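Overview (structure and organization)
Chain by chain, the residues:
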Amino acid sequence: MTAACLMSTYQPLALSFTRGLGTRLWDQHGREYLDAVAGVAVTNVGHSHPRLVTAISEQAGLLLHTSNLYSIDWQQRLARRLTQLSGLDRAFFNNSGAEANEAALKLARLHGWKKGIEQPLVVVMENAFHGRTLGTMAASDGPSVRLGFQRLPGDFLRVGFGDLDALERITQQFSARIAAVLLEPIQGESGVLPAPPGYLKALRDHCTRHGWLMMLDEIQTGIGRTGAWFAFQHEGIVPDVMTLAKGLGNGIPIGACLARAGVAELFTPGSHGSTFGGNPLACRVACTVLDIIHEQGLLQNAARQGEHLLDRLRIELDGHLQVRAIRGKGLMIGIELASPYRDLAHRAAQEHGLLINVTRGKIIRLLPPLTLDAREVEMIVRAITRLLD
Ligand SMILES: *Cc1c(COP(=O)(O)O)cnc(C)c1O
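Rules behind the numbers
- Note on numbering: residues in each chain are counted from 1, in written sequence order.
- Predicted model: local features are reported for residues with pLDDT of at least 70 only, side-chain atom pairs are reported and counted for 80 or more only, and whole-chain, interface and lining totals are derived from all residues.
- In computing side-chain properties, one takes all heavy atoms of the structure into account and sets aside hydrogens as well as water.
- A run of DSSP states H or I qualifies as a helix once it reaches four residues; a run of E qualifies as a strand once it reaches two. Both are numbered from the N-terminal end.
- When we talk radius of gyration, it's over C-alpha atoms, and the globule rule is simply 2.2 Å times the number of residues to the 0.38.
- Categorising residues by exposure relies on relative accessible area from a 1.4 Å probe, with only protein chains included: less than 20% of the type maximum marks a residue as buried, more than 50% marks it as exposed, and the intermediate range marks it as partly exposed.
- Here the Shrake-Rupley method, with its probe set to 1.4 Å, supplies the accessible areas, and only the displayed protein chains count as covering residues.
- Neither His nor the chain ends contribute to the count of charged residues, in which Lys and Arg are positive and Asp and Glu negative.
- Each charge is placed at NZ for Lys, CZ for Arg, CG for Asp and CD for Glu.
- To form a nonpolar core, buried Ala, Val, Leu, Ile, Met, Phe, Trp, Tyr and Cys residues must be joined to one another through side-chain atoms within 4.5 Å.
- Annotation comment: domain bounds sourced from an automatic or database domain assignment.
- Only heavy atoms enter the contact rule, under which two residues are in contact if any of them lie within 4.5 Å.
- A molecule or strand has a residue near it when one of that residue's heavy atoms lies within 4 Å.
- Any pair of N or O atoms that falls within 3.5 Å is considered a polar contact. Within protein, one atom must be able to donate a hydrogen and the other to accept it, and sequence-neighbouring residues count only if both atoms are side-chain atoms.
- Summed over both partners, the accessible surface that disappears when two parts come together, traced with a 1.4 Å probe, is what is meant by buried area.
- Think of a salt bridge as a Lys or Arg side-chain nitrogen and an Asp or Glu carboxyl oxygen that are within 4 Å of each other.

Looking only at helices and strands, the protein chain has 12 helices and 17 strands in total. What you see for the protein chain is a C-alpha radius of gyration of 21 Å, in line with the 21 Å of a compact globule of 389 residues. Once the C-alpha set of the protein chain is aligned to its principal axes, its extents read approximately 60 × 55 × 45 Å. Burial analysis of the protein chain (389 residues in total) assigns 54% to the buried set. Only carbon and sulfur atoms are counted for the fraction: they give 53% of the accessible area of the protein chain, which is about 17900 Å². Treating the 39 positive side-chain charges of the protein chain as one cloud and the 36 negative ones as another, the clouds have centres 2 Å apart.

See the structure below:
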């Protein structure tokens, strides 16, 4: 089978899976792989979780879609759960990460408009990734995302991630026009780069002082990935707006934009919407994902196994000439190499039965399901060590 009928937005490996269970996937020849990608931080509770299989098949037999012209019980339940977990007050649901960030950017515009700012600006970070729509692409950094798509919406100011001096400078220069700041607590696509200690707290204070919305893109870091429900909870802060997607539906497409009271109400009937957003299937699945994470203790497991994996990688790869840095939080871990290796993900799969992701050419990104156990930590460590030898 050739992929000649597909637009080449991706360069997939010559590898295809027919089924999955927990942390494992099987290809069409029946070979087993340990999945340390989890569909890019999506299948956080593992593949084919029996409770999700039941929830999906039961709901499919009851009702998939009615639209937001009618109230949707599962949507309200999910909103209640997410607001309780996050400390934010209201949720809007759609179908992807980029769309969730678009909702946040629209809230930022409304926030600026309400304050009488004619052309509101949003502060974003160097090396940020927020999605592939025109708006979220403009908020993102890096030529591979943006090249050839000019002109992009220009209502963004970019500062160094973690650079408080740069933030101070643009504040002085543009303070009358800035409505919000949008950032990832740990930059994922650009290589698992955590915000420097104290940065999010300082940014929170800065936003409060200047009346900006602090908007966190937790699309990759959220839903337990870092060992807390949301990465901001490690920092003792609460943002004004937060976006979620990836792990929320464990593979059923769903995105969410949450906001605190006073901000959420900027949306009024007719100002935003989504045909599929928040349908009974996706919301029931997301509620079940939250139940599973809670009942199986997956936050604690992600924190514990993540720390264990970091320690073991640091020990085994200590002094390795090709390894520049090993970093991360919970089960979001990056191994930065000195130079790009060819075919690293392909070789890891072929030679070691391990699925990894490589971002920016030379950063191995590990995002296994949050159900990972100690034995699987060792399997990952052994495979990575051999791969780099
Ligand atoms: C994946 C990702 C997005 C985009 O999500 P899509 O569902 O692909 O639109 C946005 N922000 C971050 C931090 C992401 O990791």
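Having put the structure on the table, let's press on.
Core analysis: the biggest nonpolar cluster contains 79 residues, and Leu-313, Ile-335, Leu-366 and Ile-384 have the highest contact counts within it. No other element matches the nine residues that helix H9 (residues 280-295) contributes to this core. Domain assignment of the residues forming this core places at least three in each of domain 1 (17-49 + 297-388) and domain 2 (63-295). Ignoring sequence-local partners within four residues, the contact set of Leu-366 consists of Ala-36, Leu-309, Leu-313, Leu-331, Met-332, Ile-333, Ile-335, Ile-356, Ile-380 and Ile-384. Residues Phe-92, Val-124, Leu-182 and Leu-213 belong to the second largest nonpolar core, which totals 26 residues.

A separate point is the site of the ligand. In the vicinity of the ligand, the contacting residues are Ser-96, Gly-97, Ala-98, Asn-101, Phe-129, His-130, Glu-184, Asp-217, Ile-219, Gln-220 and Lys-246. Side-chain polar atom of Gln-220 to an oxygen atom of the ligand: 2.8 Å apart, as the coordinates give it. Protein chains bury 81% of the 380 Å² of accessible surface belonging to the ligand in isolation. Counting residues per element, the shell around the ligand draws most heavily on helix H4 (residues 97-114), at three residues.

Examined at the domain level, the protein chain breaks down into domain 1 (17-49 + 297-388) and domain 2 (63-295). Distance between the C-alpha centres of domain 1 and domain 2: 27 Å. Between domain 1 and domain 2 lies a buried interface of about 2400 Å² when both sides are counted; carbon and sulfur atoms form 59% of it. Interface area lost by domain 1 to domain 2 is led by Leu-299, Met-332 and Arg-360, which between them contribute 28%.

Further remarks concern the pattern of salt bridges. In the structure shown here, the tally under the stated rule is 19 salt bridges. Residue Arg-327 is joined to Glu-336 by a salt bridge in which the shortest nitrogen-to-oxygen separation is 2.9 Å. For Arg-327, a relative accessible area of 14% puts it in the buried group. Salt bridges linked by common partners bring Arg-51, Arg-81, Asp-291 and Glu-295 together as one network.

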